[in-house]
Each structure stands twice: as structure tokens, then as C-alpha cells.
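Structural characterization, general
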Amino acid sequence: YTRVETAKQTAANLLAVYTVVGDKVSGDIALPEYIYGVKMNWNSSLRSALSAEGVYNRPLDDKTVTLDITCAYGAYSSTAAYSVVVKGYDADEKVDYILTEGSLAALNGAKVNTSLALPKYDSKFDVKLSYTSGNTAIYDNDGKLVAAPAEDTEVVFTVKAVYNISNGQNFEKEFELKVIATAENEASKAAEKWLAESGFNKEVHFPYGTEKGNVL
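Report follows, based on the coordinates.

Below, the discussion takes up the packing of aromatic side chains. One pass over the structure, following the stated rule, counts 5 aromatic pairs. Considering the side-chain rings of Y89 and Y97, the 6.2 Å spacing of their centres and the 70° angle between planes classify their relative orientation as edge-to-face. Judged by relative accessible area, which is 14%, Y89 ranks as buried. Summarising the aromatic geometry, the rings of Y139 and F157 are spaced 6.2 Å apart at their centres and angled 55° between planes, so their arrangement reads as tilted. Here the residue Y139 occupies a position in the loop between β6 (128-133) and β7 (153-163), and F157 occupies one in strand β7, the gap between them amounting to 18 residues.

Written as C-alpha cells, this is what we have:
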């Protein structure tokens, strides 16, 4: 009895930084298989975020996970449950990902001379995106090229991001998307003609789409 309860208390102490201090799990954690010779059988309520072996897999949002444990030694066993929060992406991290790695990364800072396929939803978090052009003489709010400039000109889009997926983790934020509009050439004229004929930026929304985007 004493050995098992001591092992269980040791396990509780290992998790105290999450269960008592309130830190979020943001990496792999040690879930020992044995403590003082006592077999520690762990189970996770959400293995996709935190496995029973303590392996962390970052979820899209913070997730509360229950770690159940059965401590067994000989004929005696004892159980316990510990609730921890597994860290996902907060609002700022979602926006940063969209702009630097996700759906807008290829456009951010790019030199462009054709209409832009501005996604209405990002492909990782399903954040709704809308745009306001800072120079509608060159690009309208939908990213359609109005008139190419004679020389390189920075165009700043104000992007509104709206996230309405997770209770308590919803947000609305604005950030900037910058492109450099350049003079048109024969190739860009041909591309613009093709875009016009094929139906500019036709997009269908599939929640939680692929990283390749949903433009058809």
C-alpha cells in the first residue's frame, strides 16, 4: 500500500507544474512506466494532442486533457486522474502562421502584376479572411487588378481575421498583407486575360481544407 501511494504521489508531483502551477503542456512530458517498482499505467483522454506516453502534438487550439493513471504493485492498485491544458495556437500565433507559413505566406511581400487569389478562409485553422485594399487604383478589395502601376508600388491590404470555431477561443483581429505591384508585361497581360476568362478567384469553402487551399 505505502509503495503504491508513494509512487502515485510522485507522479502527482511530476505533473504539479501543470495541475497546480497552471503551466500549459507545450512539449513532450515524462510519464514514467515504473516508479519505485510500481507499474504506472497511463491513459490520455485526447491522444491526438498528448499521448499516453507523454508525446505532445500541438493542437489548433488549447485543449484540456485528462491523464488517468493506474498504479499497480502486486495485488494492490490505486488510480488517479490529472487534468492538464495542452497548448495550441493563440490568436496572435494563428495570425502569424497565416502570414508567414500558411495561406498568405506566398503573397506577403511578393512582387505581383496580375490579379491576386485572396483566400476567404485560411487552410489550417479555418479562419475567415476579408480584405480592404489600401490602393484601390491598383487593386480592389477582392484582389482584382484594376490598373498596373508604371513602377514598383507597395499596396497594403488590411486583413480582417474572424475565428468562430472554439468556445472561449474566438477572436477578431486585423493585420496587414503587403505586396509590391509591378509594371505589366506581355506575360502578365496573358495571365490576366486567362484569369478573366476562367472566372477570377472562384473559391468554394471546405472547412478545415488542405494546405494547398480551396481555389477551384
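Another point: the sheet that holds strand β4 (residues 76-86). Read from one edge to the other, the open sheet built from 4 strands follows the order β1-β2-β3-β4, with strand pairing classed as antiparallel. This sheet does not close on itself; its edge strands, each paired only once, are β1 (34-35) and β4. Summarising the sheet, strand β2 (residues 38-44) and strand β3 (residues 63-73) pair through 6 bridges and their orientation is antiparallel. What sits directly across from N43, in β3, is D68. Sheet strands touched by helix α1 (residues 2-19): β1, β2, β3 and β4. Its angle to β4, the strand with the most contacts, is close to 0°.

Moving on to the nonpolar core. Counting residues in hydrophobic clusters, the biggest one holds 28 residues, and the most contacted among them are L104, L116, V127, Y131, Y139, F157 and L177. For this core, the secondary-structure elements that each account for two or more residues are α2 (91-100), β6, β7 and β8 (171-181). Core analysis: the second largest hydrophobic core is formed by 24 residues, V4, L31, L50 and C71 among them.

All chains considered together, the criterion is met by 11 salt bridges. Note that E5 and K8 form a salt bridge whose closest N and O atoms lie 3.4 Å from each other. Residue E5 and its partner K8 are both found in helix α1; the two are separated by 3 residues, about one turn of the helix. Given the relative accessible area of 17%, K8 is considered buried. Residue K94 is joined to D61 by a salt bridge in which the shortest nitrogen-to-oxygen separation is 2.8 Å.

About the thresholds
- Residues numbered from 1 in each chain as written.
- Predicted model: local features only at pLDDT ≥ 70, side-chain atom pairs only at ≥ 80, totals over all residues.
- Heavy atoms only, no water.
- Phe/Tyr/Trp six-rings, centres within 6.5 Å; stacked < 30°, edge-to-face > 60°.
- Buried < 20%, exposed > 50% of the residue type's maximum accessible area, 1.4 Å probe, protein only.
- Helix = DSSP H or I, 4+ residues; strand = E, 2+ residues; numbered from the N terminus.
- Pairing = 2+ DSSP bridges.
- Contact = heavy atoms within 4.5 Å.
- Axes fitted to C-alpha atoms, helices over the stretch in contact; angles between N-to-C directions.
- Core = buried A, V, L, I, M, F, W, Y, C linked by side-chain atoms within 4.5 Å.
- Salt bridge = Lys/Arg side-chain N within 4 Å of Asp/Glu carboxyl O.

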